[in-house]
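Observations on the three-dimensional arrangement
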Amino acid sequence: MIKTTVIQAPEYVVQFEEHNGLTFVHCEVFKWNKTVRKRLQQEFEILKLIRGAPIFAVHEIGDEKHAKFLNLFNFNYVQDIYGLDHVTRQLFVTGN
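Attention in this report is confined to the structure presented alongside it. (Residues numbered from 1 in each chain as written. Predicted model: local features only at pLDDT ≥ 70, side-chain atom pairs only at ≥ 80, totals over all residues. Heavy atoms only, no water.)

A word on the environment of A57. Within the secondary structure, A57 sits in strand β4 (residues 56–59). Exposure remark for A57: the relative accessible area of 3% places this residue in the buried category. Excluding residues that lie within four positions of it along the chain, A57 makes contacts with F24, V25, L70, F75, Q90, L91 and F92. (Helix = DSSP H or I, 4+ residues; strand = E, 2+ residues; numbered from the N terminus. Buried < 20%, exposed > 50% of the residue type's maximum accessible area, 1.4 Å probe, protein only. Contact = heavy atoms within 4.5 Å.)

Have a look at this one:
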């Protein structure tokens with residue numbers, strides 16, 4: 001799948017990936033502090049408004065940092081999914 005960069009900053013990059021008609025988000029953070037968190041949250045809220053459609057994230061079960069990140073950015077659990085690699089993961093979607 002092809003990832004498209006939708007937010008880029010020195011501290012992080014946010015990318016979208018389309019799959020089966022759904023938009024999945026990937027976020028790589030290079031530096032994390034209170035100021036970066038606040039700016040990323042603001043930019044992500046604007047991105048959600050512009051997108052105007054649900055944004056999904058796949059969560060690796062047991063990844064506590066990612067779980068906190070999903071909560072911080074108001075993602076909601078949808079369901080468990082079973083991958084072709086025989087690993088169960090969790091599907092989340094942006095909240096309102």
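Glancing now at unusual backbone geometry. We note that N20 has phi near 50°; this positive angle belongs to a residue other than glycine. For N20, the position within the fold is in the loop between β2 (12–19) and β3 (22–29). The backbone of H86 sits at a positive phi, close to 70°, despite the residue not being glycine. Mapped onto the fold, H86 is located in the loop between β5 (75–82) and β6 (88–94). Owing to a relative accessible area of 59%, H86 belongs among the exposed residues under this scheme.

All right, on to helix α1 (residues 34–51) then. For α1, spanning 18 residues, the distance from its first C-alpha to its last is 25 Å, which sits close to the expected 26 Å at 1.5 Å a residue. Looking only at α1, the buried set comprises V36, L40, Q41, F44, L47 and K48. Each buried residue of α1 sits inside an arc of 130° when the element is viewed along its axis, so together they form one side. Looking at α1, the residues exposed on the side facing more than 90 degrees away from the buried face are K34, T35, K38, L49 and I50. Those residues of α1 hidden inside the fold are in contact with β1 (3–9), β2, β3, α2 (64–72), β5 and β6. (Expected span 1.5 Å × (residues − 1). Arc of directions from axis to C-beta.)

Turning next to the packing of aromatic side chains. In the structure shown here, the tally under the stated rule is six aromatic pairs. The interplanar angle of 85° and the centroid separation of 5.7 Å between the aromatic rings of F44 and F73 together place this pair among those described as edge-to-face. Of this pair, F44 sits in helix α1 while F73 sits in the loop between α2 and β5, and the two are 29 residues apart along the sequence. By relative accessible area, F44 is classed as buried at 4%. Residue classification places F73 among the buried positions, given a relative accessible area of 3%. Cluster of aromatic residues (ring-pair linked, three or more members): W32, F44, F69, F73 and F75. (Phe/Tyr/Trp six-rings, centres within 6.5 Å; stacked < 30°, edge-to-face > 60°.)

It is possible for side chains bearing opposite charge to pair when their charged atoms get close. In the structure shown here, the tally under the stated rule is five salt bridges. Two residues, E11 and R39, come together in a salt bridge whose shortest N-O distance is 2.3 Å. Highlighted residues: E11 in the loop between β1 and β2 and R39 in helix α1, separated in sequence by 28 residues. For R39, a relative accessible area of 27% corresponds to the partly exposed category. Note that R51 and E18 form a salt bridge whose closest N and O atoms lie 3.6 Å from each other. One end of the pair, R51, is in helix α1; the other, E18, is in strand β2, and 33 residues separate them in sequence. (Salt bridge = Lys/Arg side-chain N within 4 Å of Asp/Glu carboxyl O.)

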